[in-house]
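Secondary and tertiary structure notes
The chain contents come next:
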Amino acid sequence: MASVPVDFDICQIFSARQVGSKVQLRKRLVSHTGGVFMLTVQQALSVAPLTQAKLVAGAEGLQRQINHITIMEVPDLVRWLKGNDFIITSLYCIKDDPEAQTKLIHDIARLGCAALAVKTNRYIRELPTEMIAAANEMSFPLIDIPQHVTYIDIINPLMEQL
């Protein structure tokens, strides 16, 4: 499976005249990459409203690929993940369990998920230092979503990119 190089610059491959539209751009990218368009966590963070989010840990994992977007609402989420998942959560189901929060980071990083985006100031005030340490240890992107940003406002633009 081909992937877009880390130093990928769309301007180096196609001029605006050659592309013309977002749909044409996607078709040319898919063609250029051997039929696969990959969205990285780093690229996702440049898509509004994730531009308002803060990467708090795991910067070394920003090139992880996103293939799926899912919401965590149950503590045993890992059973349903496919790999390369961008997970959005408030951590409600494990808000009172610091051990489960840290275990979540280890489990989803080992499964090959892309990132965990947590809406803070709702059920948890801030991301626990243990989660941050685990994410850094695993080079796993941990993202703090501002309270005013809704899940659907993240999901829709990211799905358009996939």
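Residues numbered from 1 in each chain as written. Predicted model: local features only at pLDDT ≥ 70, side-chain atom pairs only at ≥ 80, totals over all residues. Heavy atoms only, no water.

Details of the confidence of the model for the protein chain
Just so we agree on the cut-off: Scored from 0 to 100, pLDDT records how confident the predictor is in each individual residue. A contact between two residues is defined here by any heavy atoms of the two lying within 4.5 Å.
The predicted model of the protein chain averages 84 in pLDDT, with 77% of residues at 70 or higher. Below a pLDDT of 50 lies the segment residues 1–21, which in the model reaches 23 contacts outside its immediate sequence neighbourhood of four places, other chains included.

Section: helix α6 (residues 129–137)
Keep this limit in mind: Here's how the labels work: a residue is buried when its accessible area is under 20% of the maximum for its type, exposed when over 50%, partly exposed in between, all with a 1.4 Å probe on protein chains only. Only runs of H or I of at least four residues qualify as helices and only runs of E of at least two qualify as strands under DSSP, and these elements are numbered from the N terminus. Taking the helix axis as origin, the arc is that swept by the directions to the C-beta atoms.
Taken together, the buried positions of α6 are occupied by Met131, Ala134 and Ala135. One face of α6 carries all of its buried residues, which in axial projection span an arc of 100°. Exposed residues on α6 whose side chains face more than 90 degrees from its buried face are Thr129 and Glu137. In the core, the buried residues of α6 are packed alongside β2 (54–57), α5 (98–110), β6 (115–119) and β7 (142–145). Downstream of α6 by a residue or two, Ser139 has a phi angle that is positive, lying close to 50°.

Considering the pattern of salt bridges
Proximity of charged atoms lets side chains of opposite charge pair with each other. Which entries qualify depends on this criterion: One side-chain nitrogen of Lys or Arg within 4 Å of one carboxyl oxygen of Asp or Glu is enough to make a salt bridge.
By the definition in use, this model includes three salt bridges. Note that Lys95 and Asp96 form a salt bridge whose closest N and O atoms lie 2.9 Å from each other. Across the pair Lys103 and Asp107 runs a salt bridge, and its minimum N-O distance is 2.6 Å. Placement of the pair is Lys103 and Asp107 together in helix α5, with a separation of four residues, close to one helical turn.

Quick notes on unusual backbone geometry
Residue Pro49 is reached from Ala48 by a cis peptide bond, and omega for that bond is 5°. When you line up the elements, Pro49 lands in the loop between α4 (41–44) and β2. Phi is positive for Leu91, which is not a glycine, with a value near 65°. Within the fold, Leu91 resides in the loop between β5 (85–89) and α5. We classify Leu91 as buried; its relative accessible area is 0%. One non-glycine residue, Ser139, lies in the positive phi region at around 50°. Note that Ser139 resides in the loop between α6 and β7.

Regarding the sheet that holds β6
Quick reminder of the rule: Strands pair, by our definition, only if DSSP identifies at least two bridges between them. What counts as an axis is a line fitted to C-alpha atoms, over the stretch in contact for a helix, and the angles between N-to-C directions run from 0 to 180 degrees.
Taken in spatial order, the five strands make up an open sheet running β2-β7-β6-β5-β4, and their pairing is mixed. Whereas interior strands pair on both sides, the edge strands pair on one side only; in this sheet they are β2 and β4 (68–71). This sheet shows a mean twist of 25° between the axes of neighbouring strands, independent of strand direction. Across the sheet, α6 lies against β2, β6 and β7, angled at about 80° from β2, the strand it touches most. Sheet strands in contact with helix α7 (residues 151–161) are β4, β5, β6 and β7, and its direction is about 165° off that of β5.

Some points on the environment of Thr40
On the basis of relative accessibility, which here comes to 6%, the residue Thr40 falls in the buried class. Each C-alpha atom, one on Thr40 and one on Ala114, is 8.0 Å from the other, the two residues being 74 residues apart in sequence. Sequence-distant contacts of Thr40, that is, excluding residues within four places in its chain, are made with Leu62, Gln63, Arg64, Gln65 and Ile66.

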